[in-house]
Amino acid sequence: MISSMTGYGSASRQVSLGAGVVADLQVECRAVNSRFLDLGFRLPDECRGAEPALREMATQGLSRGKVEFRAAWRVNSAAAGAAKSNPHALGAINHDCLDALYTLQEKAQESFPKAQELSIAEVLRWPGVVSEPRGEEDSWITATVEAGRAALAALMESRHAEGKALVGVLTSITGKMRDIVKVIEPKVPEYVAQYQEKLTERLSEALAAQEQAKAGAELMERIRQEVVLYAVRIDVAEEFARLKTHLQAVDTALAGKGPVGKRLDFLMQELNREANTLSSKSVSEECTQAALELKLFIEQMREQVQNLE
């Protein structure tokens, strides 16, 4: 299935911290477009051990995109309330750190006598004062891997859904481009013939002013040959043939499975080259306008293709 490179997924798990306290762990997986697979991790210290497993899962499931895993946790308020009868449920006071903080505050107040004392909340938030229950390392790793796997699955599902939508958009654009080709291609020989006739008439009018009939006739024949050669140079039959071939290749890629972003990006370059050639060889306003519309549609497809894996 064709996928977009952008998506989002999240999942949560619970981790026992001991003493009846439970932590709610939330893992998010975000992805945006990138030429290659670029993995990033923003994990708390408790979850660092799960990074290799998360990296392996992402590498196996994804081929392109800038993907980032984020994790955060907090103590479950309901579980904390149920465990409040246990004095060690929410952590233990580090008395050495508390004494050091008290001494530090006294010394600071000697220099700044008007400074306010620390509040209880500030004391408890001071690093090292409260030794919070952290749970077992294996529990954190297991919960992080499980939540990460679920978040990655949700991410891939959202990428598939967006990829399906992009396929519909691109298929619609190729259909409109085919309609333009069907209208213009049959008219090209007529445009070339009209241009050749018009050019020949102008040259004939210029030669009619000359009195040297024989030299003028020979020169006229030479001019006719040059006009025919020029008409061959401005013939765009090959460009239309290649344009239709590239459009078919786009539809074939969109109907397939697996990563197609790089292939489609290359096809956009080829389509744009043919549209530019059509524009440069154009001998009518209608053909020029058609080439400009084709280039506009190609640019629209190029923007969408940048998001495909």
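Residues numbered from 1 in each chain as written. Predicted model: local features only at pLDDT ≥ 70, side-chain atom pairs only at ≥ 80, totals over all residues. Heavy atoms only, no water.

## Remarks on the overall build of the protein
- Per the secondary structure count, the protein includes 10 helices and 6 strands.
- Look at the contacts in the protein between residues 6 or more apart in sequence, and 80% of them connect residues 24 or more apart.
- Entry remark: accessible area of the protein is about 18200 Å², with carbon and sulfur atoms responsible for 53%. (Helix = DSSP H or I, 4+ residues; strand = E, 2+ residues; numbered from the N terminus. Contact = heavy atoms within 4.5 Å. Areas by Shrake-Rupley, 256 points an atom, 1.4 Å probe, with all protein chains shown as cover.)

## Topic: the pattern of salt bridges
- Under the definition given, this model contains 13 salt bridges.
- In this structure, Arg 178 engages Asp 251 in a salt bridge whose closest nitrogen and oxygen atoms are separated by 2.5 Å. One end of the pair, Arg 178, is in helix H5 (residues 137-184); the other, Asp 251, is in helix H8 (residues 237-255), and 73 residues separate them in sequence.
- The class for Arg 178 is partly exposed, based on a relative accessible area of 23%. (Salt bridge = Lys/Arg side-chain N within 4 Å of Asp/Glu carboxyl O. Buried < 20%, exposed > 50% of the residue type's maximum accessible area, 1.4 Å probe, protein only.)

## Some remarks on the packing of H5 against H8
- Following both chains from N to C, one finds H5 and H8 inclined at 160 degrees, their axes separated by 10 Å at the closest point. The pairing of H5 with H8 is recorded here as roughly antiparallel in orientation. The way H5 lies across H8 gives a crossing that is left-handed. Seen from H5, the contacting residues are Val 167, Leu 170, Thr 171, Thr 174, Met 177, Arg 178, Val 181 and Ile 184; seen from H8, they are Phe 240, Leu 243, Lys 244, Leu 247, Gln 248, Val 250, Asp 251 and Leu 254.
- Residues of the contact of H5 with H8, tallied by class, amount to 10 nonpolar, 3 polar and 3 charged. (Axes fitted to C-alpha atoms, helices over the stretch in contact; angles between N-to-C directions. Parallel < 35°, antiparallel > 145°, perpendicular 65-115°, else oblique. Left-handed = near helix turned anticlockwise from the far one by under 90°. Nonpolar A, V, L, I, M, F, W, Y, C, P; charged D, E, K, R; others polar.)

## Details of helix H10 (residues 285-305)
- The terminal C-alpha atoms of H10 lie 30 Å apart, and with 21 residues this matches the ideal 30 Å at 1.5 Å per residue to within 8%.
- Considered for burial, the residues of H10 that qualify are Cys 287, Ala 290, Ala 291, Leu 294, Phe 297, Ile 298, Met 301 and Val 305. Buried positions in H10, seen along its axis, are confined to an arc of 125 degrees and lie on one side of it. Across from the buried face of H10, at angles greater than 90 degrees, the exposed residues are Glu 285 and Glu 303. (Expected span 1.5 Å × (residues − 1). Arc of directions from axis to C-beta.)

## Some words on the packing of aromatic side chains
- Tallied over the full model, the rule gives 2 aromatic pairs.
- Summarising the aromatic geometry, the rings of Trp 73 and Trp 140 are spaced 5.1 Å apart at their centres and angled 55 degrees between planes, so their arrangement reads as tilted. Here the residue Trp 73 occupies a position in strand S4 (residues 65-75), and Trp 140 occupies one in helix H5, the gap between them amounting to 67 residues.
- Under the relative-accessibility criterion, Trp 140 is labelled buried at 2%. (Phe/Tyr/Trp six-rings, centres within 6.5 Å; stacked < 30°, edge-to-face > 60°.)

## Quick look at the packing of helix H9 (residues 261-281) against H10
- One can describe the packing of H9 onto H10 by two numbers: an axis separation of 9 Å at closest approach and a directional angle of 165 degrees. Relative to H10, H9 is oriented roughly antiparallel. Between H9 and H10 lies a crossing of left-handed hand. Of the residues in H10, those touching H9 at Gly 261, Leu 264, Asp 265, Met 268, Gln 269, Leu 271, Asn 272, Ala 275, Asn 276, Leu 278 and Ser 279 are Ala 291, Leu 294, Lys 295, Ile 298, Met 301, Arg 302 and Val 305.
- Classifying every residue of the contact of H9 with H10 by side-chain character gives 10 nonpolar, 5 polar and 3 charged.

## What about the sheet that holds strand S3 (residues 37-42)?
- Strands sit in the order S1-S2-S4-S3 across an open sheet of 4 strands; the sheet is mixed. With partners counted over all chains shown, the strands left at the sheet margins are strand S1 (7-18) and S3, one partner each. Averaged over all neighbouring strand pairs, the angle between strand axes comes to 15 degrees, with direction disregarded.
- Running over the sheet, helix H1 (residues 51-61) touches S3 and S4 and is turned about 150 degrees from S3. (Pairing = 2+ DSSP bridges.)

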